[in-house]
Amino acid sequence: MEKRWEFAGDVDSHSVDQLAQKLGVHPVIAQILIRRNITEADAAHAFFNPRQDALHDPMLLDGMEEAAKRIVQALWDKEKICIYGDYDVDGITSVSLLYLFFREIGGDVCYHIPNRQEEGYGISQMGIDQARAMGASLIVTVDCGITSITEVEYARSIGLDMIITDHHQAGEGIPNAVAVVNPKLPGSRYPFNELAGVGVAYKLAQGVSMELGLASDYLDPYQDLVAVGTAADIVPLVDENRTFVRFGLERINNEPHVGIRALIETANLRFGKIDVGQIIYGLAPRINAVGRLGSAERAVELMITANSQRALHLASELEDENRTRKMIDTHTLEEAVAQVEDMFDPSSDRVIVAAQNDWHSGVIGIVASRLIERYYRPTVMISVEDCIGKGSARSIPGFDLYDALRECSDLLTQFGGHTYAAGLTIDETKIPEFRRRFNEVASERLSKDDLIPKQKIDAALELSDITASLYDQLKQFAPFGPHNPRPVFVSYNVALAGYPRIVGNNHLKFQLRRNGSTIDCIGFNLGEKINRIDPIRPKNHIVYTIEENEWNGRVSIQLRLKDVKNGQIPELDGHS
């Protein structure tokens, strides 16, 4: 799919020069900072050197004081506390964090994660009954519960107190719980509202620690869990999230929990070299797999065990589940593509809504993301069983899924989620009307221009600018993720040294010439772009990121290709 190249925002050259001089960095570093709304030297120093003591006061979260006091009361009175969470990585790490923390401070604690197939997402009467059967008198939810008004009332009716911690959008009402802790509550005074569920769980642990007078570093051992859950939930990696992941990666690469270490080993990842990408594409799919295909409680057991042999056994189970999940993904994607090709009209349809009886509800979210990669349309995948459809939706920039689903709420039994990812339940008979209405809403909110994928570029570089010194400065932007992506560059009129070739599984590889030396460039899964490269004339324009490549003990800088064009220099929106 052809992408439109555009710069990430306009910059003033005088401001760039001033900031570069104050920081003592390459001008392109200052350019990137300004494009990310970091315009002052003090703010840049704080960005490059995040501090844990600069995290926001947890007591600024509405409901935190009530939640912390109720939990401390439960600890003193030896009440059993049930941690009730979601079955994705965010929920699993949230449950694990609070379970370990409450147990460490002397709590009588258990946990419950719903079975995706039997209970579905979120709090259910069945789950509440199970918590009660385990002897709990207090339920603390993580990563779910903000829309569970009826379920909270049911818990109250049978004598169970509930504390809701969540990070999803609230519905029209707020559950009548002992406390509701959510940075997205209407009128919230908390300075940052993009925490993952595990981030809210960590803030709750902070609040309880403050109530008990514990040392400020008491929660440091749980940083790896916070980093895994935050990175996996694809929340903006800015503000507190960036701090959580920055320090959590240090813990993961030096002294992680036994279960995380086992997971790294069984996934054949390099201990000490784990970054956000390896969490998202390596660890997270394995943790998610058991919740997608069965019970996620095995993943919690892996996160909380202190027995290394048990951890390796559980990690191997997750590895097996992930292989099975991949096979189901592939089969489901093939069927979904066939359905889309049959019914989707790209000239008129703004969205894709695909539904089928035998799709596994645990993988449809992944497949929806794959369809977006292929068609670049907001996508809803619906698995129908016993006349009830369970759907997972994924979106593109410029289209708020949650808001759009709210416009169709009269057709839905239930829905919830974020701007870019959501879930829903719908009666099978209403799917055709939902498809029509959802497309109607999208037609009002998405222009034709919105349906052209954009390749954002941070700055233009000459190949001679790409040095070890520049790369060291670029590393200060890590950890990379949403709202803080790895910087992307464009270079014009570059020449090749030799001819491009396809290696491995459709990877494009070539070398570029610069001042008598060469630099390697690789484009993963971009083999089809080989015909866009002119090996003879220096008329190639490439978009790329800069990274280190380690091979046979030798470390060198290489470019990771994102797109390539040749001939006339493309016109780009914005300025270089």
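Residues numbered from 1 in each chain as written. Predicted model: local features only at pLDDT ≥ 70, side-chain atom pairs only at ≥ 80, totals over all residues. Heavy atoms only, no water.

Draft legend 1. Quick look at the overall build of the protein chain. Regarding its fold elements, the protein chain presents 18 helices and 19 strands. A compact globule built from 576 residues would reach a C-alpha radius of gyration of about 25 Å, and the protein chain, at 25 Å, matches this within 12%. Principal-axis analysis of the C-alpha atoms gives the protein chain an extent of 75 × 55 × 45 Å. Evaluated residue by residue, the protein chain yields a buried proportion of 55% over its 576 residues. Pairs at least 24 apart in sequence give 68% of the contacts found in the protein chain among residues at least 6 apart. Working note: accessible area of the protein chain is about 24900 Å², and carbon and sulfur atoms make up 46% of it. Computed over 59 positive and 81 negative side-chain charges, the separation of the two mean positions in the protein chain equals 6 Å. (Helix = DSSP H or I, 4+ residues; strand = E, 2+ residues; numbered from the N terminus. Rg over C-alpha atoms; globule rule 2.2 N^0.38 Å. Buried < 20%, exposed > 50% of the residue type's maximum accessible area, 1.4 Å probe, protein only. Contact = heavy atoms within 4.5 Å. Areas by Shrake-Rupley, 256 points an atom, 1.4 Å probe, with all protein chains shown as cover. Lys, Arg positive; Asp, Glu negative; His and termini not counted. Charge placed at Lys NZ, Arg CZ, Asp CG, Glu CD.)

Draft legend 2. Here's a closer look at the nonpolar core. Counting 77 residues, the largest nonpolar core has Ile71, Ile83 and Leu98 as the members making the most contacts within it. Among the elements that make up this core, the one with the highest residue count is helix α5 (residues 89-104) (nine residues). Among all residues touching Ile71, those that are not within four sequence positions of it are Ile81, Phe102, Leu138, Val140, Ile163, Leu204 and Val208. (Core = buried A, V, L, I, M, F, W, Y, C linked by side-chain atoms within 4.5 Å.)

Draft legend 3. The arrangement of the sheet that holds strand β16 (residues 507-514) in detail. With respect to topology, seven strands assemble into an open sheet ordered β13-β14-β18-β19-β17-β16-β15, the strand pairing being mixed. Two strands bound the open sheet, and with one partner strand each, they are β13 (459-460) and β15 (501-503). Across three bridges, strand β17 (residues 517-523) lies against strand β19 (residues 554-566) in parallel orientation. Pairing of Cys521 across the sheet is with Leu559, part of β19. (Pairing = 2+ DSSP bridges.)

Draft legend 4. Representation of the state of the cysteines within the structure. Applying the stated criterion to the full structure yields zero disulfides. With no disulfide partner, Cys110 has as its closest neighbouring cysteine sulfur the one in Cys82, 4.0 Å distant. Classification of Cys110 by relative accessible area gives buried; the value is 8%. (Disulfide = S-S within 2.5 Å.)

Draft legend 5. Examining the packing of aromatic side chains more closely. The tally for this structure, following the rule as stated, stands at 13 aromatic pairs. For the pair Tyr99 and Tyr111, a centre-to-centre distance of 5.5 Å together with 90° between the ring planes defines the contact as edge-to-face. Here Tyr99, found in helix α5, pairs with Tyr111, found in strand β3 (residues 108-112); they are twelve residues apart in sequence, far enough to count as distant. Of the two residues, Tyr99 and Tyr111, neither departs from the other in class, the shared state being buried. (Phe/Tyr/Trp six-rings, centres within 6.5 Å; stacked < 30°, edge-to-face > 60°.)

Draft legend 6. Focus on the pairing of strand β12 (residues 454-457). Burial of the side chains of β12 is restricted to one face: Gln455 and Ile457 are buried, whereas none of Lys454 and Lys456 on the reverse face is. Inspection of the sheet shows strand β1 (residues 4-7) paired to β12 by four bridges, in the parallel sense. Within β12, the residue paired with Phe7 across the bridge is Ile457.

Draft legend 7. Just the packing of helix α12 (residues 276-293) against helix α14 (residues 308-343), in detail. At their nearest, the axes of α12 and α14 sit 8 Å apart, and the two run at 70° to each other. On the basis of the axis angle, α12 is roughly perpendicular to α14. Along the contact surface, α12 presents Pro285, Arg286, Ile287, Ala289, Val290, Arg292 and Leu293, while α14 presents Leu318, Glu319, Glu321, Asn322, Thr324, Arg325 and Ile328. Each residue belonging to the contact of α12 with α14 can be placed in one class, and the counts come to seven nonpolar, two polar and five charged. (Axes fitted to C-alpha atoms, helices over the stretch in contact; angles between N-to-C directions. Parallel < 35°, antiparallel > 145°, perpendicular 65-115°, else oblique. Nonpolar A, V, L, I, M, F, W, Y, C, P; charged D, E, K, R; others polar.)

Draft legend 8. Inspection of helix α13 (residues 297-304) at higher detail. Taken together, the buried positions of α13 are occupied by Ala299, Val300, Leu302, Met303 and Ile304. Looking at the packing, one finds that the buried side of α13 touches α5, β3, α9 (223-232), α11 (258-266), α12 and α14.

Draft legend 9. Molecular detail of the sheet that holds strand β11 (residues 421-427). In space, the five strands of this open sheet follow the order β7-β8-β9-β11-β10, with mixed pairing throughout. The open sheet has two edge strands with one neighbour each: β7 (352-356) and β10 (414-417). Sheet twist, expressed as the average angle between the axes of neighbouring strands with direction ignored, equals 15°. Running over the sheet, α14 touches β7 and β8 (379-385) and is turned about 125° from β7. Against the sheet, helix α17 (residues 431-445) touches β7, β8 and β11, its axis set at about 170° to β7.

Draft legend 10. Examining the side chain of Gln455 more closely. Within the element layout of this structure, Gln455 appears in strand β12. Residue Gln455 is classed as buried on the basis of its relative accessible area of 5%. Dropping the residues within four chain positions of it, Gln455 is found in contact with Lys3, Arg4, Trp5, Glu6, Val488, Val543 and Lys562.

Draft legend 11. Structural detail: the packing of helix α6 (residues 125-133) against helix α7 (residues 149-157). As a packed pair, α6 and α7 sit with axes 10 Å apart at the nearest point and diverge in direction by 30°. Taken together, the axes of α6 and α7 lie roughly parallel to each other. Read as a crossing pair, α6 and α7 show a hand that is right-handed. Taking contact as the criterion, the partners of Gln125, Ile128 and Asp129 in α6 are, on α7, Glu151, Tyr154 and Ala155. (Left-handed = near helix turned anticlockwise from the far one by under 90°.)

Draft legend 12. Structural view of the pairing of β8. For β8, a buried count of six out of seven residues is recorded, marking the element as mostly surrounded by other parts of the structure. In terms of strand pairing, β7 meets β8 through five bridges, oriented parallel. Across the sheet, residue Val353 finds its bridge partner in β8, namely Val380. Of the pairings in the sheet, the one linking β8 to strand β9 (residues 388-394) comprises seven bridges and is antiparallel in character. Paired with Val384 across the strands is Gly389, a residue of β9. What sits between β8 and β9 in their antiparallel hairpin is a turn of two residues, with Asp386 showing a positive phi close to 50°.

Draft legend 13. Seen up close, the pattern of salt bridges. On inspection of all chains with the given rule, the structure shows 36 salt bridges. As a salt-bridge pair, Lys456 and Glu6 come within 2.5 Å of each other at their nearest N and O atoms. One end of the pair, Lys456, is in strand β12; the other, Glu6, is in strand β1, with 450 residues separating them in the sequence. Glu6 gets classed as buried once you look at its relative accessible area, which sits at 10%. A single salt-bridge network, built from bridges that share partners, covers Glu2, Lys529, Arg532, Asp563 and Lys565. (Salt bridge = Lys/Arg side-chain N within 4 Å of Asp/Glu carboxyl O.)

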